[in-house]
Amino acid sequence: MRWHTLRGFGRRAARAAALGALAAGLVTLAPAAQAEAAGTLQQVANFGSNPGNLAMYEYAPANLPANAPLVVALHGCTQSASDYHSHSGWQKFADQWGFAVVYPQTGAANNSLSCFSWFDASKDSRGKGEAASVVQMVDHAVAQYGSDRGRVFVTGLSAGGGMTADLLADYPDVFAGGAVDSGLPAQCATTQAAASGCQYSGQNLTPKQWGDKVRASYPGYTGPWPRVAIWQGSSDTTVAPVNGTELRDQWTDVWGIGQTPSATRTLTGNTTETTYNGSSGTPAVALFSVSGMAHGLAVDPGSGADQCGTTGAYYLDAICSSYHTAKFWGLDQSDGGGSGTLPAPSAVTVTATTDTTATLTWNAVAGAASYAVYRGGAKVGAPAGTAYTDTGLSAGTTYTYTVAAVDGTGAAGTASAPVTATTTGATPAPKCYTDNNYNQVRAGRAHQSGGYTYANGSNQNMGLYNVAITHTLKETSPAYFVIADSGC
């Protein structure tokens with residue numbers, strides 16, 4: 001199915017999605033009412049300036065604790081947020097492991113097939129269009145739920161998978177990990193005309209050339225890269241299987257770890273998982289190849305611990321991809337070892353920091369064979385003792401850590417309460433830009449809506465969108481600008 005030509009079908013799908021939302025009882029809630037609707041899928045109005053013209057839906061289990069992870073899940077073409085929520089299985093694990101899920105939704109007004117615009121540089125780049133709208137949703141959800149900014153993840157199917165790869169490249173400072181399901185490498189196409197070539201054939205680029213596309217999406221970024229899971233069916237005729245290999249090449253190059261597998265194992269549903277470890281010895285990139293699967297999201301209906309979802313159009317009975325993705329990200333806090341019973345380590349303390357390291361200690365747990373240390377939900381160390389020094393960090397940056405005890409079978413127990421460590425060293429001086437509103441928008445520091453200009457990030461109103469009004473914008477954090485006319 002071509003994503004950008006079947007206009008009539010796209011309009012019918014959009015109407016069907018709207019009817020499905022009504023049937024599911026979805027409502028648009030004001031912020032004051034949102035907390036009362038925990039445990040239901042709900043639409044959120046007024047989450048930001050929304051330059052990409054997207055709708056925001058969210059799900060959170062009742063009694064969601066503070067500092068919980070946040071998952072962003074992007075639907076595929078002809079689908080909707082409620083459709084993805086109903087079929088993908090993410091609700092099961094949100095309830096079980098305690099995290100919120102945000103479901104961005106696009107529609108026929110943006111694309112005739114309701115596809116996310118992974119192939120449009122004006123919509124999928126940092127600070128622009130749909131990509132900027134998704135990050136505004138993240139900001140809104142983090143503020144609403146008190147989510148851990150160090151444990152924000154994004155996943156998506158098909159065109160949503162292509163947008164997921166773009167988001168990981170655009171915002172490695174926002175997303176700790178991602179999963180691209182039957183999708184495309186980041187910035188494979190930058191125009192609609194080039195999209196078909198990416199879908200149906202290989203691009204004959206080296207890993208470095210693929211990696212350069214990621215590095216060019218946020219020039220100058222020096223922080224940690226997200227962990228990336230890649231899901232691809234071997235019989236996919238909509239997104240050729242070579243895209244899975246290209247995604248592997250792209251993200252292993254970004255991590256600087258090469259394309260030699262660290263481990264390979266066979267999973268259910270004719271699935272082979274190949275992992276590529278980072279310098280800490282834990283998987284940074286994982287490629288899940290599902291033999292015989294066509295185009296869609298892999299689900300596995302059933303009540304088993306590793307089962308989830310329901311089948312439907314583009315929801316294919318094979319394996320619960322959401323379960324294995326959540327495990328890969330560390331959302332279950334067990335790093336794939338099973339459901340351990342050891343208690344959480346007590347007195348987890350940050351004892352020292354430098355500009356590139358953080359040292360933690362904790363009390364010993366009886367029966368522990370080792371310990372698992374998580375940074376931002378991703379496992380970064382497995383010390384045998386009760387101390388660990390994390391390395392390769394960025395100066396002047398705050399990181400969140402938890403620690404779990406691991407028994408002799410490799411099963412990790414309950415994770416500790418999170419602690420934060422801030423590395424030493426001055427943060428870069430903020431950059432300031434003085435220009436007229438028209439040029440601020442053209443430079444990607446602001447956006448316009450309804451004839452007015454708004455600063456990216458802060459959404460401060462800068463006045464009319466024209467060359468007659470000039471402001472100074474201060475970049476207080478990456479892609480976050482505030483008006484600083486009185487001085488920078």
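The structure this text deals with has already been given above.
Here we summarise the structure given alongside this text.

1. Structural notes on the pairing of strand S15 (residues 358-361)
Along a regular strand, successive side chains alternate from one face of the sheet to the other.
So, step 1. Where strand S14 (residues 349-353) meets S15, four bridges bridge the pair, whose relative direction is antiparallel. Opposite Val350, over in S15, you have Leu360 as the bridge partner.
So, step 2. Where S14 folds back onto S15 in an antiparallel hairpin, the turn is made up of four residues.
So, step 3. Bridge count for S15 against strand S18 (residues 387-390) is four bridges, and the pairing is antiparallel. Paired with Thr361 across the bridge in S18 is Ala387.

2. What about the state of the cysteines?
So, step 1. For the coordinates displayed, the defined rule picks out three disulfides.
So, step 2. Across the disulfide, Cys188 is cross-linked to Cys198 (sulfur-sulfur distance 2.2 Å). Where Cys188 bonds to Cys198 through sulfur, the torsion about that S-S bond is close to -105°, and the disulfide is left-handed. Here the residue Cys188 occupies a position in the loop between strand S7 (177-181) and helix H7 (195-200), and Cys198 occupies one in helix H7, the gap between them amounting to 10 residues.

3. Focus: the sheet that holds strand S23 (residues 446-449)
So, step 1. Pairing is antiparallel in the open sheet, where three strands are placed in the order S23-S24-S25. Every interior strand has two partners, whereas the edge strands, S23 and strand S25 (461-464), have only one. Going from strand to strand, the sheet's axes swing by 25° on average, the running direction of each strand aside.
So, step 2. Looking at chain direction, strand S24 (residues 452-455) and S25 are connected through three bridges and run antiparallel. Pairing of Tyr454 across the sheet is with Asn461, part of S25.

4. Details of the nonpolar core
So, step 1. Core analysis: the largest hydrophobic core is formed by 47 residues, its most contacted members being Leu70, Val72, Val138, Leu167, Tyr171, Phe175 and Trp251.
So, step 2. Of all the elements in the fold, those that place two or more residues in this core are strand S4 (70-74), strand S5 (100-105), helix H5 (129-145), strand S6 (152-157), helix H6 (159-170), strand S8 (227-233), helix H9 (242-255) and strand S11 (283-290).
So, step 3. Looking at this core, the element that brings in the most residues is H5, giving nine residues.
So, step 4. Excluding anything up to four places from it in sequence, Leu70 contacts Ala100, Val101, Val102, Val138, Ala141, Val142, Ser147, Arg151, Val152 and Phe153.

5. Quick look at the side chain of Asn437
So, step 1. Tracing the sequence through the fold places Asn437 in helix H11 (residues 437-442).
So, step 2. Among the residues examined, Asn437 registers a relative accessible area of 0% and is labelled buried.
So, step 3. Those residues in contact with Asn437 that sit more than four places away from it in its chain are Thr453, Met462, Gly463, Leu464, Tyr465, Asn466, Ile469 and His471.

6. Remarks on the sheet that holds S18
So, step 1. Taken in spatial order, the three strands make up an open sheet running S14-S15-S18, and their pairing is antiparallel. Two strands in the sheet have a free side with no partner beyond their single neighbour: S14 and S18. This sheet shows a mean twist of 25° between the axes of neighbouring strands, independent of strand direction.

7. Overview of helix H8 (residues 207-215)
So, step 1. Among the residues of H8, Trp210, Gly211 and Val214 are the ones counted as buried. Along the axis of H8, the buried residues cluster in a sector spanning 95°; they form a single face.
So, step 2. The inward-facing, buried residues of H8 contact H6 and H9.

8. A short note on the environment of Phe116
So, step 1. Take Phe116: it is sitting in the loop between S5 and H5.
So, step 2. Separated by 47 residues in sequence, Phe116 and Met163 place their C-alpha atoms 6.4 Å apart.
So, step 3. When residues no more than four places from it in sequence are discounted, the contact partners of Phe116 are Leu54, Leu74, His75, Pro104, Gln105, Thr106, Glu130, Ala159, Gly160 and Met163.

9. Structural notes on the pattern of salt bridges
So, step 1. In the structure shown here, the tally under the stated rule is 10 salt bridges.
So, step 2. Residue Asp148 pairs with Arg151 through a salt bridge whose shortest N-O separation is 3.1 Å. You'll find Asp148 and Arg151 in the same group, each marked buried.
So, step 3. Sharing partners across several salt bridges, the network here consists of Lys208, Asp212, Arg215 and Asp253.

10. Structural notes on the side chain of Thr106
So, step 1. Within the element layout of this structure, Thr106 appears in the loop between S5 and H5.
So, step 2. Residue class for Thr106 comes out buried when judged on its relative accessible area of 6%.
So, step 3. Among the polar contacts listed, one links the side chain of Thr106 to the side chain of Asn110, at a separation of 3.1 Å.
So, step 4. If we skip the residues at most four places from it in the chain, Thr106 touches Leu54, His75, Ser114, Cys115, Phe116 and Glu130.

Reading the values: rules and limits
- Residues numbered from 1 in each chain as written.
- Predicted model: local features only at pLDDT ≥ 70, side-chain atom pairs only at ≥ 80, totals over all residues.
- Heavy atoms only, no water.
- Pairing = 2+ DSSP bridges.
- Helix = DSSP H or I, 4+ residues; strand = E, 2+ residues; numbered from the N terminus.
- Disulfide = S-S within 2.5 Å.
- Axes fitted to C-alpha atoms, helices over the stretch in contact; angles between N-to-C directions.
- Core = buried A, V, L, I, M, F, W, Y, C linked by side-chain atoms within 4.5 Å.
- Buried < 20%, exposed > 50% of the residue type's maximum accessible area, 1.4 Å probe, protein only.
- Contact = heavy atoms within 4.5 Å.
- Arc of directions from axis to C-beta.
- Salt bridge = Lys/Arg side-chain N within 4 Å of Asp/Glu carboxyl O.
- Polar contact = N/O pair within 3.5 Å; in protein donor to acceptor, adjacent residues only side chain to side chain.

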